[in-house]
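Letter by letter, the chains look like this.
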Amino acid sequence: MNSEINDQAQDYRTRLFPGFDSPLMGTDPEFLDRLDRFAFGEVPASDDLDDRTRMMAILAALVGAQAIDLFKAMAKGSFNVGLTPVEVKEIVYQATPYVGMGRMLPFLYAVNELLKHRLVPLPLEGQATTTEDTRLEAGVQKQVDLFGPHMAEFYQSGPEETRHINRWLAENCFGDYYTRSGLDDAQREMITLCFLAAQGGCEPQLTSHAQANMRVGNDRLFLIKVMSQCVPYIGYPRVLNALHCIDEAAEALEADGE
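Described below are features of the structure shown in this document.

Conventions used here
- Throughout, residues of each chain are indexed from 1 in the direction in which the sequence is written.
- Residues qualify for local features only when their pLDDT is at least 70, as the model is predicted, and side-chain atom pairs are given and counted only at 80 or more; totals for whole chains, interfaces and linings, by contrast, use all residues.
- Computation of side-chain values covers all heavy atoms of the structure but excludes hydrogens and water.
- When the centres of two rings from Phe, Tyr and Trp lie within 6.5 Å, Trp using its six-membered ring, the rings pair. Their planes under 30 degrees apart give stacked, over 60 give edge-to-face, and anything left gives tilted.
- Note on conventions: DSSP H or I runs of at least 4 residues are helices, E runs of at least 2 residues are strands, and numbering of each starts at the N terminus.
- Buried means the residue's accessible area, taken with a 1.4 Å probe over protein chains only, is under 20% of the maximum for its type, while exposed means over 50%, and partly exposed covers the values in between.
- In protein, a polar contact means a hydrogen-donor-capable atom and an acceptor-capable atom, both N or O and within 3.5 Å, with residues adjacent in sequence counting only if both atoms are side-chain atoms; elsewhere, any N or O pair within 3.5 Å suffices.
- Contacts between residues were defined by any pair of non-hydrogen atoms, one from each residue, lying within 4.5 Å.
- Angles run from 0 to 180 degrees between N-to-C directions of axes, and those axes are lines fitted to C-alpha atoms, restricted for helices to the stretch in contact.
- For classification purposes, angles smaller than 35 degrees are called roughly parallel, those larger than 145 roughly antiparallel, those between 65 and 115 roughly perpendicular, and all remaining angles oblique.
- All residues other than Ala, Val, Leu, Ile, Met, Phe, Trp, Tyr, Cys, Pro, Asp, Glu, Lys and Arg, Gly among them, are scored as polar; the first ten of these are nonpolar and the last four charged.
- In plain words, nonpolar cores are sets of buried Ala, Val, Leu, Ile, Met, Phe, Trp, Tyr and Cys residues tied together by side-chain atoms within 4.5 Å.

Some words on the packing of aromatic side chains
Applying the stated criterion across every chain, the model contains seven aromatic pairs. Here Phe17 and Phe40 contribute two aromatic rings whose centre-to-centre distance is 6.4 Å and whose plane-to-plane angle is 75°, an arrangement assigned as edge-to-face. Of this pair, Phe17 sits in the loop between α1 (2-16) and α2 (24-27) while Phe40 sits in helix α3 (residues 29-42), and the two are 23 residues apart along the sequence. The exposure class of Phe40 is buried, given its relative accessible area of 8%. Measuring from ring centre to ring centre gives 6.4 Å for Tyr98 and Phe195, while their planes differ by 25°; the resulting arrangement is stacked. With Tyr98 in helix α6 (residues 85-99) and Phe195 in helix α10 (residues 185-199), the pair connects residues that are 97 residues apart, well separated along the chain. Grouping residues by exposure puts Tyr98 and Phe195 together as buried.

Below is the structure:
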């Protein structure tokens, strides 16, 4: 079994980084052996996720964790397992309303540099599907699709002094980002869960987005697989917190008959 896991780790690492040897091999060989065996062997072998889905989750988790150095390396590997420039860019764009512009920008710059190095012409083809006139209506509809009919009037609810935030949430978070092409609703909800889990301290939003994931077809077992793949990148505490939120979300949906 040990030999099989080692072989799987080597195969996975080779798919991601063909011809690359980690500099840690010369300075920390014992540590690197355990790290590779776990992150590239045991964890990927634990489920049936395809490489593309796994890599989307990992990149999103690294943005949420602000792990820019590892993100640069894994973004390079993502192209070797089939992610497209549009998909990688959309992962970073989608992070904006969840981590904020200040924490998103280093990752956008990193992707742009990587694409330039790969001689990919920039800018990429636009993926926006809304205008200033349609973003509110489209954003509200997206909220309803993901969270339920009670969201239809949410943008104009709450105390007057904070009601503008709820409107921005509909117009900007959902009207500007969720309506973009390049990724579908299920992919956007999956990576959003990863952004939130990796940040920590977002448990109410984690539970809400776990429910949204389940409504668009990312069931509890799938989300457990996704969070399992994040363990090497964001650590056990935040993954365990996320798993608790996923269970809470599943129980709430079952109680509501969904």
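Brief notes about the side chain of Glu87
Counting through the fold element by element, Glu87 comes out in helix α6. Of the polar contacts made by the side chain of Glu87, one reaches the side chain of Arg52; its length is 2.8 Å. Among all residues touching Glu87, those that are not within four sequence positions of it are Arg52, Met56, Gly82, Gly182 and Leu183.

Thoughts on the packing of α6 against helix α9 (residues 163-178)
Where α6 meets α9, the axes come as close as 10 Å, and the angle between the chain directions of the two elements is 175°. Between α6 and α9, the angle falls in the class roughly antiparallel. Residues Tyr93, Gln94, Thr96, Pro97 and Tyr98 of α6 form the contact with α9, whose participating residues are Cys173, Phe174, Tyr177 and Tyr178. Residues of the contact of α6 with α9, tallied by class, amount to seven nonpolar, two polar and no charged.

Topic: the nonpolar core
Across soluble globular proteins, nonpolar side chains have a tendency to be buried as a group. Among the nonpolar cores identified, the biggest contains 67 residues, and Met55, Leu59, Phe71, Met74, Ile91 and Met227 are the most heavily contacted of them. If you tally residues by element for this core, the top one is helix α4 (residues 51-65), at nine residues. Among all residues touching Met55, those that are not within four sequence positions of it are Tyr12, Leu16, Met74, Ser78, Val81 and Leu83.

Considering unusual backbone geometry
With an omega dihedral of 0°, the bond running from Leu122 to Pro123 counts as a cis peptide bond. Along the chain, Pro123 falls in the loop between α7 (101-117) and α8 (135-147). Phi is positive for Gln66, which is not a glycine, with a value near 60°. Structurally, Gln66 is set in the loop between α4 and α5 (68-80). Relative accessible area serves as the criterion here: at 31%, Gln66 is assigned to the partly exposed category.

As far as function goes, none of this settles anything; it's purely spatial.
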